[in-house]
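The chain contents come next:
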Amino acid sequence: MTADPSRDPGLVGSALGKATAYADQYDPALLYPIARAPQRERLGLGTQVPFFGGDWWTAYELSWLNPRGKPQVAIAHVLVPCESTHIVESKSFKLYLNSFHGTVFADAAEVQRRLREDVSTAIWSGGPMRASVGVRLLLPEDFDREPLHELDGLSLDRLDLECTQYDAPAPELLSAAFDEQPVEETLTSRLLKSNCPVTGQPDWGSVQIRYAGPQIDQAGLLRYLVSFRRHSDFHEHCVERIFCDIQARCRPTQLTVYARYTRRGGLDINPYRTSHPGPVPGNIRTARQ
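The written sequence of each chain sets the order in which its residues are numbered from 1. Note on the predicted model: pLDDT of at least 70 is required for a residue's local features to be given, and 80 or more for side-chain atom pairs to be given and counted; whole-chain, interface and lining totals, by contrast, use all residues. With hydrogens and water set aside, each side-chain value is computed from the structure's full complement of heavy atoms.

*Asks:* Pulling in residues and values, what's your account of helix 3 (residues 108–124)?
*Replies:* Taking 1.5 Å as the rise per residue, helix 3 with 17 residues should run 24 Å; its terminal C-alpha atoms sit 25 Å apart, in good agreement. Residues of helix 3 that are buried: E110, V111, L115, D118, V119, S120, A122, I123 and W124. The elements touched by buried residues of helix 3 are strand 1 (33–35), strand 2 (52–65), strand 3 (71–81), strand 4 (86–88), helix 2 (90–98) and strand 5 (134–138). What qualifies as a polar contact is a pair of N or O atoms within 3.5 Å, subject to a donor-acceptor requirement within protein and to the restriction that residues adjacent in sequence count only when both atoms come from side chains. Under the scheme used here, helices are H or I runs from DSSP no shorter than 4 residues and strands are E runs no shorter than 2 residues, and both carry numbers assigned from the N terminus. The N-capping residue of helix 3, defined by a side-chain oxygen 3.3 Å from the backbone nitrogen of A109, is D107. Two residues or fewer past helix 3, S125 is found with a positive phi of approximately 40°. A helix is expected to span 1.5 Å for every residue after the first. Residue burial is assigned from relative accessible area. The probe radius is 1.4 Å, only protein chains are included, and a residue is buried under 20% of its type maximum, exposed over 50%, and partly exposed in between. What makes two residues a contact is simply this: any of their non-hydrogen atoms within 4.5 Å.

Here is the structure:
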């Protein structure tokens with residue numbers, strides 16, 4: 001089901017779902033922040049969330065002009081910390097990136113600096129900036145070095161089972177063997193799908209669930225992931241819901257949820273949430289990305 005942006009205070013000024021003119025001159029005002037708090041409140045979370053992590057954004061359509069007017073291209077890897085107060089609405093980010101293409105910049109380093117400053121400002125939306133985004137530009141001479149790798153782990157998709165719930169996340173499908181020895185395992189699925197809450201467009205993803213604790217029932221976990229199929233929400237919110245539902249129902253001692261969504265409009269979004277701080281997973285695309 002598609003949401004009406006006029007009824008959501010967080011989307012009133014957004015370009016999402018509307019006919020839009022594409023600017024060709026650099027304009028950071030195009031970035032549209034959306035507060036994380038309302039969705040987290042629906043999950044029963046307060047200001048202290050039970051996870052660490054971030055959102056990897058990969059921008060494949062970045063171009064600008066050098067001082068001689070010659071177009072330049074790059075791929076941008078952007079890491080948004082999950083402790084930020086806001087996310088950036090994805091269409092506004094695409095419009096913002098497009099605004100670079102008719103503007104002269106001294107070099108790639110200046111473009112990288114502008115991206116870091118502008119997105120960092122947007123994700124804290126006028127409040128104190130506690131952490132800036134990470135930005136790395138990949139230039140054409142390094143394109144051939146971009147790795148391609150599927151998420152590691154045991155695939156839940158190997159299970160031959162019946163699925164009947166598609167309309168909304170169904171955490172009641174989750175269970176774990178609390179009376180048996182704890183395990184450590186990594187499970188994956190390519191069957192995650194949800195929909196944009198404004199346009200209704202499908203969001204296709206792969207997900208990796210790494211945990212330690214009571215062994216999670218794999219059939220129930222796969223059916224739970226499939227239950228997102230008609231659910232409408234942003235990528236970041238879906239991953240936080242998966243994390244919170246598994247944490248509540250299966251009570252792992254450690255948990256990491258990492259999703260990689262296929263790109264739309266030259267942009268893919270890949271959130272990860274983890275119960276324990278550690279190294280950031282690499283922003284390595286899968287075959288479908």
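*Asks:* With reference to specific residues and values, describe the pattern of salt bridges.
*Replies:* Salt bridge, as applied in this entry: a Lys or Arg side-chain nitrogen positioned within 4 Å of an Asp or Glu carboxyl oxygen. According to the stated counting rule, one finds 10 salt bridges in the structure shown. Residues R273 and D55 are paired through a salt bridge, measuring 2.9 Å at the closest nitrogen-oxygen approach. Of the two residues, R273 is situated in strand 12 (residues 267–274) and D55 in strand 2; the sequence distance between them amounts to 218 residues. With respect to burial, R273 and D55 carry one shared label: buried.

*Asks:* How would you explain the nonpolar core if you had to name every residue and give the values?
*Replies:* In terms of nonpolar packing, the biggest core is built from 30 residues, with I209, L221, L225, I242, I246 and V257 touching the most fellow members. Of all the secondary-structure elements, those providing two or more residues to this core are strand 8 (183–195), strand 9 (202–213), helix 4 (218–226), helix 5 (235–250) and strand 11 (254–261). At seven residues, helix 5 tops the list of elements feeding residues into this core. Every residue in contact with I242, bar those within four places of it in the chain, is listed here: L192, Y224, L225, F228 and V257. We define a nonpolar core as any set of buried Ala, Val, Leu, Ile, Met, Phe, Trp, Tyr and Cys residues linked to one another through side-chain atoms lying within 4.5 Å. By size, the runner-up hydrophobic cluster in this structure holds 26 residues, among which are W64, V78, F100 and L115.

*Asks:* Report on the packing of aromatic side chains, specifying residues and quantitative values.
*Replies:* Two rings from Phe, Tyr or Trp (for Trp, the six-membered ring) form a pair when their centres are within 6.5 Å of each other. A pair whose planes differ by under 30 degrees is stacked, one over 60 is edge-to-face, and the rest are tilted. Inspection of every chain in the model, using the stated rule, returns 10 aromatic pairs. Taking the centre distance of 5.7 Å and the plane angle of 85° together, the rings of Y26 and F105 count as edge-to-face. Taken together, the positions of Y26 in the segment before strand 1 and F105 in the loop between helix 2 and helix 3 put the pair 79 residues apart, joining distant regions of the chain. With 5.2 Å between their ring centres and 25° between their planes, F100 and F105 make a pair best called stacked.

*Asks:* Break down unusual backbone geometry for me, with residues and values.
*Replies:* At R251, a residue that is not glycine, the phi angle is positive and equals roughly 50°. Mapped onto the elements, R251 comes out in the loop between helix 5 and strand 11.

*Asks:* How would you summarise the packing of helix 2 against helix 3 if you had to cite specific residues and measurements?
*Replies:* The convention used is that axes are lines fitted to C-alpha atoms, helices contributing only their stretch in contact, and that angles between N-to-C directions extend from 0 to 180 degrees. Orientation of helix 2 relative to helix 3, taken along the N-to-C sense of each, is 150°, at an axis distance of 12 Å. The orientation of helix 2 with respect to helix 3, classified from their angle, is roughly antiparallel. Between helix 2 and helix 3 the crossing geometry is right-handed. Touching F93, Y96 and L97 of helix 2 are R114, L115, D118 and V119, all from helix 3. Here roughly perpendicular refers to angles of 65 to 115 degrees, roughly parallel to angles under 35, roughly antiparallel to angles over 145, and oblique to all remaining angles. Left-handed describes a crossing whose near helix is turned anticlockwise from the far helix by less than a right angle; the clockwise case is right-handed.

*Asks:* Any details on the environment of E184? Residues and values, ideally.
*Replies:* When you line up the elements, E184 lands in strand 8. In this structure E184 comes out as exposed when scored by relative accessible area, which is 71%. Separated by 139 residues in the primary sequence, E184 and L45 place their C-alpha atoms 26 Å from one another. Each residue touching E184, except ones within four places of it in the same chain, is listed here: Y211 and A212.

*Asks:* So what's going on with the confidence of the model for the protein chain? Which residues, and what values?
*Replies:* pLDDT measures how confident the predictor is about each residue, on a scale from 0 to 100. Looking at the protein chain as a whole, the pLDDT averages 93, with 93% of positions reaching at least 70. A low-confidence stretch, residues 1–8 (pLDDT under 50), is modelled with 13 contacts involving residues beyond four sequence positions or located in other chains.

*Asks:* How would you summarise helix 4 if you had to cite specific residues and measurements?
*Replies:* Burial of helix 4 is extensive: seven of the nine residues sit out of reach of the surface. Residues of helix 4 that are buried include every one of Q218, G220, L221, L222, Y224, L225 and V226, and no others. Against strand 6 (154–155), strand 8, strand 9, strand 10 (215–216) and helix 5 lie the buried residues of helix 4.

*Asks:* Go over the side chain of H231, please, and point to the residues and values.
*Replies:* Within the element layout of this structure, H231 appears in the loop between helix 4 and helix 5. The contact partners of H231, leaving out residues within four places of it in the chain, are Y166, D167, P169, S194, N195, C238 and R241.

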